[in-house]
Structures are given as C-alpha cells and as structure tokens.
Amino acid sequence: MADLALSDYRRLVVKVGSSLLVDDAGRLNRQWLETLADDIAHLQAHKHEMLIVSSGAIAIGSSVLGINKKRARLEDLQAAAAAGQVQLVHAYQEVLGKHGITAAQILLTPDDTENRRRFLNARGTLGRLLDQSVIPIINENDTVATEEIRYGDNDRLAGRVAQLVMADALILLSDVDGFYTADPGTDPDATHIPEVRAISAEMLAMAGETRSDIGSGGMATKVQAARIATHAGCSTIIASGVIEHPLRALSANARCTIFRAEGTPATARKQWLAGVLEVRGEVRIDQGAAQALHSGNSLLPVGVVEVIGNFRRGDVVTVVGPNGKELGRGLTEYSDTDALRLRGCQSDKIEERLGYRGRSVMIHRDELVLFDSDR
Ligand code: GLU
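Note that this is a predicted model, so its numbers are computed, not measured.

Chemist: Would you mind going over the side chain of Arg 313 with me for this structure?
Modeler: Mapped onto the fold, Arg 313 is located in the loop between strand S12 (304-309) and strand S13 (316-320). A distance of 2.3 Å separates a polar atom in the side chain of Arg 313 from a polar atom in the side chain of Asn 121. Polar contacts involving the side chain of Arg 313 include one to the side chain of Glu 333, which spans 2.6 Å. With residues near it in sequence (within four places) discarded, Arg 313 still touches Arg 117, Leu 120, Asn 121, Thr 332, Glu 333, Tyr 334, Ser 335 and Arg 359.

Chemist: Is there a simple way to think about the nonpolar core in this case?
Modeler: As a rule of thumb, soluble globular proteins bury nonpolar side chains together. In terms of nonpolar packing, the biggest core is built from 43 residues, with Val 13, Leu 51, Ile 138, Val 161, Leu 170 and Phe 259 touching the most fellow members. At the level of secondary structure, the elements contributing two or more residues to this core comprise strand S2 (49-54), strand S3 (103-108), helix H6 (116-131), helix H7 (154-164), strand S5 (169-174), helix H8 (201-207) and helix H9 (219-231). Once residues within four sequence positions are removed from consideration, Ile 138 is found in contact with Leu 51, Ile 52, Val 53, Ser 54, Ile 106, Leu 108, Leu 126 and Val 161. Ranked by size, the runner-up nonpolar core spans 41 residues in total, among them Leu 21, Ile 137, Ile 171 and Ile 258.

Chemist: Even after reading the chapter, I still don't get the environment of Ile 238, so can you show me in this structure?
Modeler: As for its placement among the helices and strands, Ile 238 is situated in strand S9 (residues 235-240). When the C-alpha positions of Ile 238 and Leu 170 are compared, they lie 8.5 Å apart, and in sequence the two are 68 residues distant. Dropping the residues within four chain positions of it, Ile 238 is found in contact with Leu 172, Val 176, Asp 177, Gly 178, Met 219, Lys 222, Cys 256, Thr 257 and Phe 259.

Chemist: Could you clarify how one ought to interpret the sheet that holds strand S14 (residues 326-331) in this entry?
Modeler: Sheet strands associate in pairs through backbone hydrogen bonding, adopting either a parallel or an antiparallel arrangement. The mixed open sheet is built from five strands, whose spatial order is S12-S11-S13-S14-S15. Where the open sheet ends on each side, the last strands, each with one partner, are S12 and strand S15 (368-370). Neighbour to neighbour, the strand axes of the sheet diverge by 25° on average, direction disregarded. Here three bridges tie S14 to S15, and the two strands are oriented antiparallel to one another. When the sheet's bridge partners are listed, Gly 330 is paired in S15 with Leu 368. Here helix H11 (residues 265-275) sits on the sheet and contacts S13, S14 and S15; the angle it forms with S14, its principal contact strand, is near 105°.

Chemist: Help me understand the pattern of salt bridges in this model?
Modeler: Close approach of charged atoms allows side chains of opposite charge to pair. Across all of its chains, the model carries 24 salt bridges by this definition. Among the ionic pairs, Glu 94 bridges to Arg 30, the shortest N-O distance being 2.6 Å. Of this pair, Glu 94 sits in helix H4 (residues 74-97) while Arg 30 sits in helix H2 (residues 30-45); the two residues are 64 residues apart in sequence, bridging distant segments of the chain. Across the pair Arg 123 and Asp 366 runs a salt bridge, and its minimum N-O distance is 3.8 Å. Here Asp 366 lies in the loop between helix H14 (350-354) and S15 and Arg 123 lies in helix H6, a separation of 243 residues in the sequence. Using a relative accessible area of 12% as the deciding quantity, one classes Arg 123 as buried.

Chemist: How do you make sense of the sheet that holds strand S10 (residues 256-259) when you look at a structure like this?
Modeler: The mixed open sheet is built from eight strands, whose spatial order is S3-S4-S2-S1-S5-S9-S10-S8. The open sheet has two edge strands, S3 and strand S8 (195-196), and neither has a second partner. Bridge count for S8 against S10 is two bridges, and the pairing is parallel. Bridge pairing links Val 196 to Phe 259 in S10. Strand contacts of H6: strand S1 (11-16), S2, S3 and strand S4 (135-140), with the helix running at about 165° to S3, the strand carrying the most contacts.

Chemist: Could you clarify how one ought to interpret unusual backbone geometry in this entry?
Modeler: For residues other than glycine, phi is negative in most cases, and the peptide bonds are mostly trans. In this structure, Met 166 is a non-glycine residue whose phi angle is positive, near 55°. Relative to the elements of secondary structure, Met 166 occurs in the loop between H7 and S5. The backbone phi angle of His 245 is positive, close to 50°, even though this residue is not glycine. With respect to the element layout, His 245 can be found in the loop between S9 and helix H10 (246-251).

Reading the values: the criteria
Residues numbered from 1 in each chain as written. Predicted model: local features only at pLDDT ≥ 70, side-chain atom pairs only at ≥ 80, totals over all residues. Heavy atoms only, no water. Helix = DSSP H or I, 4+ residues; strand = E, 2+ residues; numbered from the N terminus. Polar contact = N/O pair within 3.5 Å; in protein donor to acceptor, adjacent residues only side chain to side chain. Contact = heavy atoms within 4.5 Å. Core = buried A, V, L, I, M, F, W, Y, C linked by side-chain atoms within 4.5 Å. Buried < 20%, exposed > 50% of the residue type's maximum accessible area, 1.4 Å probe, protein only. Pairing = 2+ DSSP bridges. Axes fitted to C-alpha atoms, helices over the stretch in contact; angles between N-to-C directions. Salt bridge = Lys/Arg side-chain N within 4 Å of Asp/Glu carboxyl O.

Following this line, the structure appears as structure tokens:
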C-alpha cells in the first residue's frame, strides 16, 4: 500500500462525483454528505485549506424537472443543471453550516481556467475565499458551457482548479477505489495499482472509457485530471467515496491510487512561466521593489518606474531592475496603459488613479519567477 498521509498536504481539492451524492431517483444522499462535511470540517480545523468540486446538479435537476437524462438534449441538461445547482449548493451550505463553515458557489467554464486574464480573476476570488476560511463549492457553469467548449466532466475541471489554486493534493472521490490495469467491474484479472510516479500513454489506454451511469466521467477522465494536476505539482488521489466519512478513511489508509506530483506547485508554476515564449513587454522597477521581490514579495505599483511595450492583463512581462538587468518575469495584473498610469502609485491610491477599483499588486509573487542573480 502506498504511504498516504493527508497531513502532508496543505491545500486540498476534493472532487465529489454525482453517483455518490445522488441516487437513481435523483434524491440527494444527505446522510453521506453530512459525513463528508464532518471530514472537511475536521481537516479545515487541522489547518488544511479545502475546496470542493461537486457534480450532481444535472442528476438532481433532471428529477426536479422530470427530464430523462438518456434522451435529453443539451439544453434540457443545461436547464436541469440550473435547477439542480441551487439545491446542490444549498445542501452543502447546510451541512457545512452546522460546523460554522461558510460555503461559496463558484461556476467555471474552460475559458475561465484556460484564458490567462480570466484565470487571474478566478484565482483572485478563490484565494480571497480561502483566506477567509470559506469553502468554495465549484461546478461547471453548464448554462453557458456548450458541447464544443465544455469540460463535460468534473474530473478535468477539478484538475484545472487544482492547478489554478496551486493545490498540493487533488482527491477524486467516486465509486472506484483507485486505478486498475483493467475495468474491475468486467475483468476478474484487473489489478489495483496503489502508486503511480509517471503517467504513461499505456495507462491512459488502460483507463479506457469506463463510465458510471449517473456521472459523466470514467477512469479516462480521472487519469487526464491526474495528468493535469501532477504536472502542476499537485498529487492526485483516486479513492472510493462509496463509504461514509471517505476522507477520514483515506487518512486511515483506505485503499486508493496516488499519482505522485512532479515537483511542487510553486516550482511547476515557475517552470511554466520561465518557458513562456511570448513576452509582451517590460516593467522597470526601483531598488526598493527589487529588494522586495528578492525577499519573496509581490511587485506593487509603487515600485514601478517605467513601462514598455503593449500588453494586456494576464500577459507575461519582463521585470527589469534599476541597473537595466533582467530580474525575472511574471504575469501582469494590469495592461500597459493602466500600468503606466500606476507608476509609483501607493496601493491605497489605485482607485483614485484608475477610476475603478483595481488589484493591489502589479505582479503577484506566485506568478513571478526570478532569474539567477548572475544572469
Ligand atoms: N456539471 C455536471 C453536474 O453538476 C457534472 C459533470 C460530471 O458529471 O462530472 O451535474
């Protein structure tokens, strides 16, 4: 058995599949959800930051609206999701509320995680919620996510969320207790694999297209989610949620598969930044700001002395020190026009300068990579 201590991970994304939450008649499994909420509250009390990606809106909403999922058109499913989502989030709000925990609803589309400007917005909101110990309950925004542009399954959405928030671990709870060499439901020779260090093409092929009836993901989407997350420095665990208190069981070494992360979320983000080819502009900063960056702080507008090039929020820009040396690069929170207006501006004067309430930083420290000092 792979050694699994949840205590090693600080920021956790837990993905809950529809088949765990909702029965065949579309009823919410309230008792099970309460045990999950107990586990989440326990982990949060032990200094873990928790996020939940939950499916179940379509399953609940289909029964509310009397829609037969097997024959439904996309717009029927979207309507079902809209009706079911309210009930889904309400249930989370109630079970977490019993522990004095506030829940918040976040609905995302692939565009929100793939497009860098929107990515920065989503990341800012989620970060703020976590700072306040609020638990985000995340689902796909099914109303606007149509076939060609939707995740369609919450496994990959959860992988992207884990990457977005730089989570240390992603836990995919479903009706299977891990990765098998074949579908354990149909093949008696299927062998459970407790630990994966690198995801091969062969594994993706082995994951096949197994699907449970209620949810839309199968093993293939779980392995894809693991691939996204592990590349982002986040270990991924496939575990059974069929039992009550599924996270407590995991902490007590229940059977699961762990896909080990490649590096940490911070190194993965910095490697990605270092490898981006398109650098759109340059931000020159003063000595004080250069020192602040080297001590691990974000770049504030007050330290910016010059802005060169044409760029938009979310583009990669070079950061140049007072002696003209390139110090590093990062994702800018402001376009070149706004960055120019904000040169030397104290953070509390940003709104006055811009005419709207902006972000307090020019480049967040998580989105900044510094080059070696001899470069
Ligand atoms: N957004 C869908 C729902 O809430 C979930 C998709 C999935 O099954 O993963 O019903």
